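Structural overview
Chain by chain, the residues run as shown.
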Amino acid sequence: MAAPILSTPSHSRDGGPILEVRNLRVEFPTRRGVLTALDDVSFDIAPGEVLGVVGESGAGKSMTGAAIIGLLEPPGRIAGGQILLNGRRIDNLPYEQMRRIRGKEIGAIFQDPLTTLNPLYTVGRQLTETMQTHLDISDREARQRAIGWLEMVGIPAAAQRVDSYPHEFSGGMRQRVVIALALCAEPKLIVADEPTTALDVSIQAQIIALLKRLAREKGTAMMLVTHDMGVIAETADRVAVMYAGCIAEIGPVREVVKAPKHPYSEGLMASIPPLDRKVDHLAGIEGAMPRLSAIPKGCAFNTRCPHVFDRCRHERPELLETGTTLATCWLYDPASEKQVPELLKDD
Amino acid sequence: MFAFILSRILQAIPVMLTVALISFAMFAYVGDPVSIMLGQDFTEAQRQQLIQDLGLDRPFFVQFGTFIGNALQGEFGLSYRLSRPVAELIAERAPATLELAFCAAAIAMFVGVPMGVYTGLYRNSWLSRAFLTFSLIGVSLPTFLIGILLILVFSVWLGWLPSFGRGDVVQLGWWSTGFLTWSGLKALILPSITLGLFQLTLIMRLVRAEMLEVLRTDYIKFARARGLGNRAVHFGHALKNTLVPVITIAGLQLGGIIAFAIVTETVFQWPGMGLLFIQSVGAADIPVMAAYLMLIALVFVTINLIVDLLYYLVDPRLRSSMGAARGGH
Ligand SMILES: Nc1ncnc2c1ncn2[C@@H]1O[C@H](COP(=O)(O)OP(=O)(O)OP(=O)(O)O)[C@@H](O)[C@H]1O
Ligand code: SF4
Ligand SMILES: [Mg+2]
């Protein structure tokens, strides 16, 4: 297994990664055969580290998050690989044991704050309920902490607002409540699936800043799924680019954004408005990501890749060392007949 | 809150007036009460006297006004058939119907809701499939047939339960109850199952559909992602969110139970208002029919009001929109 090189040197430390995803494979049995939604996905997250996850719609970002928190929608199931939390396998735990990990050790933040909160309970009740599920604290203590959390996520007049219902908050405020709910049992890992996509543009930055600040203060690691490269550049330590259920490239955020090594990352970075990167000719990528039922043999990207060569159509690439990042691309196998094109070389 | 109740009561007034108008029209224009009351042999003077006594010579609006005034005091005149005050007849029969309806509704709720929750949570278990098949039977068989089948099995073949009547009743003031005697309780079983079965299956299917819907929502997924246990997720979060639609339908069904007790009461010769109504229809006993109609309308209006109040208690979003509406006045 290629485990040791998955986390970048700057983040390796004695305790080991908080989360290790090893060769994860998720399948959906359907009437017309088994669909493979995630194929050989591997990555690590170090304590306190923020891993950004990007990729086109349908790439499998949410699926990865759902697999980690053990809430894949049936009939989806983990068909291979392992997920380890602090070195302990969690992908095969019985429901009840996994339940105790959810909220307590892994917090989750969903996309749409308007639908994530139960409309019939006050935000205080939802907070105390979560805390008392995981922590042995009295009602009074739970309420005090609920107010404390609301203050911490920046809700004004928290002591009064604790008894308000979700519909009495704006979208941005509700996402703050969701963040409080994800953090209130003090998990060391947060899975945040597009936490700002549903929000007003003017509020997105505030929410990201809040997440970033809290993660740093509490030392919480985070898997941050987003479409917003600006957010990635600003928030993430490392970034994983996903394509058609696979990791295309993973590495330090600076490298992947500024000097992507995988042809798909290259196209993806080119299709976003440049921050300080010079874009000459690659304006996006031709075509669309294949449906799960039509993923080509060999490299999943071979139908759209401008650098495709013979080997790509027969063999599936593994995660290969590119010098700065890891990429699933045959260009980086010295044994391949084709050389790395100039465009993908470091400047 | 008070303003809300008041506005609902005001809204109910036109409904009640319309029903009153229909009842009254029945009174005044259906059949010929005078000839019914006089029988075969009468003189013209007797006829005129009766017309005057009944106030039938006065203008329409005066008559209608009097009708409403009387109705408000529970005064619907004399039954043509039994020559006794209608109010008295109804008061005599009401406890039988209400106790029957109460038991039927209780069966429908306390069996229908758990069955709905179960079939919603364990969609593919064989017990769920059995419940669903059973509910199809409940929905598709007509009430009278269910009643007759139950009588056939439990009264005729097994001889366990009586096939007609209320059994022994105990008089508590004007209220006669079957709850206090063994034979009264036994007599309640078959009719309340018959009457409640349709509602039971309806509530079960409704709760199931709502549970399936709610279990797919983000807040249920998020509740799981927060690590809440199945009990809290299923009952605290999911079931509670199904309550608003369930209350609506269950409320309307309760009204239906009282109104449609007619068939069950006929099958089981249950001495309630429904049976009284059927007997009155047979004899063109208009005052009883009119009073019964008004009473059923009142029941529906009251249940609607209660349903609205329950919404108010269950759903905070309605609470604050009502609050806002009140503030805006
Ligand atoms: N129940 C299901 N059965 C079959 N395929 C499914 C099912 N649910 C999701 N998929 C497929 O799994 C793939 C991954 O979906 P996922 O939601 O993880 O994408 P995503 O990267 O999060 O996209 P987005 O950016 O739109 O959120 C998609 O191709 C989707 O069509
Ligand atoms: S393996 Fe081949 S097709 Fe796939 S990204 Fe690399 S060059 Fe393109
Ligand atoms: Mg997604």
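Residues numbered from 1 in each chain as written. Chains lettered and ligands numbered in written order. Predicted model: local features only at pLDDT ≥ 70, side-chain atom pairs only at ≥ 80, totals over all residues. Heavy atoms only, no water.

1. As for the overall build of chain B
To keep it simple, the criterion reads: Working definition: helices are DSSP H or I runs of at least four residues, strands are E runs of at least two. Numbering for both runs from the N terminus. For every residue, the accessible area obtained with a 1.4 Å probe (protein chains only) is divided by the maximum for its type, and the residue is called buried under 20%, exposed over 50%, and partly exposed between those limits. Whether two residues are in contact is decided by their heavy atoms, any of which lying within 4.5 Å being enough. With residues, only the protein chains shown are counted as cover, and all accessible areas are computed by Shrake-Rupley using a 1.4 Å probe.
The number of helices and strands found in chain B is 14 helices and two strands. Its C-alpha atoms give chain B principal-axis dimensions of about 85 × 65 × 35 Å. Taking all 329 residues of chain B together, 44% fall into the buried category. Expressed as a percentage of contacts within chain B between residues at least 6 apart in sequence, the contacts between residues at least 24 apart total 71%. For chain B, the accessible area works out to roughly 16500 Å², and carbon and sulfur atoms hold 69% of it.

2. Focus: the site of ligand 1
Residues and elements named next belong to chain A. Selection rule: Nearness is judged by heavy atoms alone; a residue qualifies as near a molecule or strand once a single heavy atom is within 4 Å of it. By the criterion applied in these results, polar contacts are pairs of N or O atoms within 3.5 Å in which, for protein atoms, one can donate a hydrogen and the other can accept it, and in which residues neighboring in sequence qualify only through two side-chain atoms. Think of it as three bins: nonpolar holds Ala, Val, Leu, Ile, Met, Phe, Trp, Tyr, Cys and Pro, charged holds Asp, Glu, Lys and Arg, and polar takes everything else, Gly as well.
Taken together, the neighbourhood of ligand 1 is formed by Phe28, Glu56, Ser57, Gly58, Ala59, Gly60, Lys61, Ser62, Met63, Glu194, His227 and Leu292. One nitrogen or oxygen atom from the main chain of alanine 59 is found 3.2 Å from an oxygen atom belonging to ligand 1. Measuring from an oxygen atom of ligand 1, one finds a side-chain N or O atom of lysine 61 at 2.8 Å. Protein contacts shield 65% of the accessible area of ligand 1, which totals 640 Å² for the unbound molecule. With three residues, the single largest contributor to the shell around ligand 1 is helix H1 (residues 61-68). Looking at the shell around ligand 1 residue by residue, the class counts come to four nonpolar, five polar and three charged.

3. Some details on the site of ligand 2
Residue and element names in this part refer to chain A. As a reminder of what qualifies: Every definition here rests on a 1 Å grid over the protein atoms only: cavities are sets of points where a 1.4 Å probe fits but cannot get out, pockets are open sets enclosed by protein on both sides within 12 Å along at least five of seven lines, and lining residues have some atom within 4 Å of a point. Pocket occupancy is defined atom-wise: a molecule lies in a cavity or pocket when more than half of its atoms are within 2 Å of its grid points.
Close contacts around ligand 2 come from His262, Pro263, Cys299, Phe301, Asn302, Cys305, His307, Cys312, Cys329, Trp330 and Leu331, and that covers them all. Among the detected pockets, ligand 2 sits in the second largest cavity. Residue composition of the shell around ligand 2, by class: eight nonpolar, three polar and no charged.

4. Points about the sheet that holds strand S6 (residues 106-109) of chain A
Residue and element names in this part refer to chain A. Going by this rule: Here a strand pair is declared whenever DSSP counts at least two bridges between the two strands. In this description, a line fitted to the C-alpha atoms serves as the axis of each element, helices being fitted only across the stretch in contact, and the angle between N-to-C directions of two axes falls anywhere from 0 to 180 degrees.
Here eight strands make up an open sheet; going across it, the order is S6-S7-S8-S3-S9-S10-S12-S11 and the pairing mixed. Two strands lie at the open edges of the sheet, namely S6 and strand S11 (319-321), each paired on one side alone. When strand polarity is set aside, the average angle formed by the axes of neighbouring strands in this sheet is 20 degrees. In terms of strand pairing, strand S3 (residues 50-54) meets strand S8 (residues 221-225) through four bridges, oriented parallel. Residue pairing for S8: valine 53 is matched across the bridge by valine 225. Across the sheet, H1 is in contact with S3, S6, strand S7 (189-193), S8 and strand S9 (238-243); its angle to S8 comes to roughly 145 degrees.

5. Here's the deal with the pattern of salt bridges
All names here are of chain A. What counts, and what does not: Whenever a carboxyl oxygen of Asp or Glu lies within 4 Å of a side-chain nitrogen of Lys or Arg, that contact is scored as a salt bridge.
Considering all chains together, one arrives at 26 salt bridges over all chains under this definition. Where arginine 25 meets aspartate 39, a salt bridge forms, and the shortest distance between an N and an O atom there is 3.0 Å. Of the two residues, arginine 25 sits in strand S1 (residues 19-30) while aspartate 39 sits in strand S2 (residues 33-45), which places them 14 residues apart along the sequence. With a relative accessible area of 28%, arginine 25 lands in the partly exposed category. Across the pair arginine 311 and glutamate 315 runs a salt bridge, and its minimum N-O distance is 3.2 Å. Because the salt bridges share partners, they merge into one network encompassing Arg25, Glu27, Asp39, Arg77 and Arg316.

6. Considerations on the interface of chain A and chain B
Quick reminder of the rule: Buried area: the sum, over both parts, of the accessible surface (1.4 Å probe) that disappears when the two are put together.
Contacts between the two partners involve 26 residues from chain A and, on the opposite side, 21 residues from chain B. Between chain A and chain B, a total of about 2200 Å² is buried, with carbon and sulfur atoms accounting for 59% of that surface. The tally of links from chain A across to chain B stands at two salt bridges. The shortest N-O distance in the salt bridge between lysine 221 of chain B and glutamate 73 of chain A comes to 3.4 Å. Where chain A packs against chain B, one counts 16 residue pairs in polar contact (both at pLDDT 80 or more). Going through the elements one at a time, helix H2 (95-101), S6, helix H3 (113-116), helix H4 (123-134) and helix H7 (171-183) of chain A are the ones with two or more residues in the side of chain A that touches chain B. With five residues, H4 of chain A is the single largest residue contributor to the side of chain A that touches chain B.

7. As for the domain arrangement of chain B
Residue and element names in this part refer to chain B. As a reminder, the rule being used: The split of the chain into domains comes from an automatic or database domain assignment.
Each assigned domain of chain B is listed with its residue range as follows: domain 1 (1-81 + 283-329) and domain 2 (89-279). The C-alpha centroid of domain 2 is placed 29 Å from the C-alpha centroid of domain 1. With 18 residues of domain 1 at the contact, the number on the domain 2 side is 20 residues. Here domain 1 meets domain 2 over a buried area of about 1700 Å², counting both sides, of which 79% is carbon and sulfur. Applying the counting criterion to the domain 1 and domain 2 interface returns zero salt bridges. Taken together, domain 1 and domain 2 are joined by one residue pair in polar contact (both at pLDDT 80 or more). Partitioned by chemical class, the residues of the side of domain 1 that touches domain 2 number 14 nonpolar, two polar and two charged.

8. So, the nonpolar core
Going by this rule: Residues belong to a common nonpolar core when they are buried Ala, Val, Leu, Ile, Met, Phe, Trp, Tyr or Cys residues joined through side-chain atoms within 4.5 Å.
The biggest cluster of nonpolar side chains holds 109 residues, and the ones touching the most others in it are Leu19, Phe43, Ile45, Ile106 and Ile179 of chain A. Discounting chain neighbours no more than four positions away, the residues touching isoleucine 179 of chain A are Ile109, Val153, Ile207, Leu210, Leu211 and Leu214 of chain A. Tyr80, Ala261, Ile286 and Ile296 of chain B belong to the second largest nonpolar core, which has 52 residues in total.

9. Some words on the sheet that holds strand S5 (residues 88-89) of chain A
All names here are of chain A. Strands sit in the order S2-S1-S4-S5 across an open sheet of four strands; the sheet is antiparallel. The open sheet has two edge strands, S2 and S5, and neither has a second partner. Looking at chain direction, S1 and strand S4 (residues 77-85) are connected through seven bridges and run antiparallel. Looking across to S4, one finds that glutamate 20 is bridged to leucine 84. Where H1 meets the sheet, its contacts fall on S1, S2 and S4, and the angle it forms with S1 comes to roughly 110 degrees.

10. Topic: the UniProt feature "domain: ABC transporter" (unreviewed entry) in chain A
Under the convention used in this document: UniProt positions are given in the numbering used here, feature names are shortened, and annotations may be inferred rather than shown by experiment.
According to UniProt, the positions carrying the feature "domain: ABC transporter" (unreviewed entry) are residues 19-269 of chain A. Annotated as 40% helix and 27% strand, the span residues 19-269 of chain A places its first and last C-alpha atoms 27 Å apart.

11. Details of the layout of surface pockets
Residue and element names in this part refer to chain B. Here is the rule: Grid points are joined across faces, edges and corners, and a volume is the space filled by probe spheres set on the points.
Roughly 710 Å³ of volume is contained in the second largest pocket. Lining the second largest pocket are 28 residues, and of these Met16, Leu72, Met294, Leu295 and Leu298 lie nearest its centre. Residue composition of the lining of the second largest pocket, by class: 22 nonpolar, four polar and two charged.

12. Remarks on the packing of aromatic side chains
Think of a pair of aromatic rings as described by two things: how far the centres are apart, and how the planes are tilted against each other in angle. Applied cut-off: The criterion for an aromatic pair is that two Phe, Tyr or Trp rings (for Trp, the six-membered ring) have centres within 6.5 Å, with stacked assigned to planes under 30 degrees apart, edge-to-face to planes over 60 apart and tilted to the rest. In this scheme, the term charge over a ring applies when either NZ of a lysine or CZ of an arginine sits within 6 Å of the ring centre and within 35 degrees of the ring normal.
This model, assessed by the stated rule, comprises 12 aromatic pairs over all chains. Between phenylalanine 110 of chain A and phenylalanine 222 of chain B the ring centres are 5.4 Å apart and the planes differ by 65 degrees, which places this aromatic pair in the edge-to-face class. Taken together, the residues phenylalanine 110 of chain A in the loop between S6 and H3 and phenylalanine 222 of chain B in helix H9 (residues 218-225) connect one chain to another. Like phenylalanine 222 of chain B, phenylalanine 110 of chain A is buried. On the numbers, 6.1 Å between centres and 45 degrees between planes, the contact of phenylalanine 154 of chain B with tryptophan 160 of chain B is tilted. Look at tryptophan 160 of chain B and you get exposed, because its relative accessible area is 54%. Through a chain of ring-to-ring contacts, the aromatic side chains of Phe24, Phe64, Phe67 and Phe76 of chain B assemble into a single cluster. Its guanidinium or amino end placed over the ring of tyrosine 95 of chain A, arginine 102 of chain A lies 5.2 Å from that ring's centre, counting from NZ or CZ. When the ring centre of tyrosine 121 of chain A is taken as origin, the NZ or CZ atom of arginine 125 of chain A, which lies over that ring, is 4.0 Å away.

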